[in-house]
Every structure is written in C-alpha cells, then in structure tokens.
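If you want the building blocks of each chain, they are given just below.
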Amino acid sequence: MKTVISNKTREALELAKGILYSLKVVTIGLFIPFLFVFGITYHTPREASKDGINISNPQQVKNDRITVDFNKPLSDQNS
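Here we summarise the structure given alongside this text. What you are looking at is a predicted structure, and each value in this text was computed from that prediction instead of being measured.

1. Quick look at the overall build of the protein chain
Secondary structure summary: the protein chain contains 2 helices and 0 strands in total. Across the 79 residues that make up the protein chain, the buried fraction comes to 0%. In the form shown here, the protein chain has an accessible surface area of approximately 9,000 Å², with 61% of it arising from carbon and sulfur atoms.

Take a look at the structure:
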C-alpha cells in the first residue's frame, strides 16, 4: 500500500512555477510581434515634404544627326 504525503508548499511552488512559465511565454509571444511592428513603423515619414520636391519641364535636346538609317538593308537581311 502506498502512502500519499500531501505537501502544500511544494504544490504551491509548482503552481507558481507553472504560472510564471506561462507568463513568460505570453510575454515573449506578445513582445516579439510588438518589436517587429514598432521597428518597421518607427522612422517612416508621416507626410511627404513638399519643400524638397522640384518638378520642372524637361529640357528638349536638339538632335540634328541621324544615328540609324532604317532604309539601308542590313547584311543579315540579304542572306
């Protein structure tokens, strides 16, 4: 026949260890995603600065030379 010894302090200590472990898991499970979201949103600009943007018409470059003559047959076309 087995004798069961009830040790209330040991049971309370095991319960406290279990609760502490669960709190650690929940804390880490919430802390890592929070750090991820905080890290990707920390230095993002809220609004574009209009002072640094300059939009102007492009300058037209005058090109008098013909660089490619499409009327001249190429050597591959003759074979």
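2. A word on a nonpolar patch on the surface
On the surface, Phe31, Phe34, Leu35, Phe38 and Tyr42 cluster together to form a nonpolar patch covering roughly 550 Å² of accessible area. Structurally, Phe31 is set in helix H1 (residues 8–41).

3. Quick look at the packing of aromatic side chains
This model, assessed by the stated rule, comprises 2 aromatic pairs. Between Phe38 and Tyr42, the ring centres sit 5.1 Å apart and the planes meet at 45°, which makes this aromatic pair tilted. Linked through ring pairs, Phe34, Phe38 and Tyr42 together constitute an aromatic cluster.

Thresholds applied
Residues numbered from 1 in each chain as written. Predicted model: local features only at pLDDT ≥ 70, side-chain atom pairs only at ≥ 80, totals over all residues. Heavy atoms only, no water. Helix = DSSP H or I, 4+ residues; strand = E, 2+ residues; numbered from the N terminus. Buried < 20%, exposed > 50% of the residue type's maximum accessible area, 1.4 Å probe, protein only. Areas by Shrake-Rupley, 256 points an atom, 1.4 Å probe, with all protein chains shown as cover. Patch = residues over 30% accessible without salt bridge, like charges linked within 9 Å, V, L, I, M, F, W, Y side chains within 5 Å. Salt bridge = Lys/Arg side-chain N within 4 Å of Asp/Glu carboxyl O. Phe/Tyr/Trp six-rings, centres within 6.5 Å; stacked < 30°, edge-to-face > 60°.

No statement about biological role is implied by the geometric values presented.
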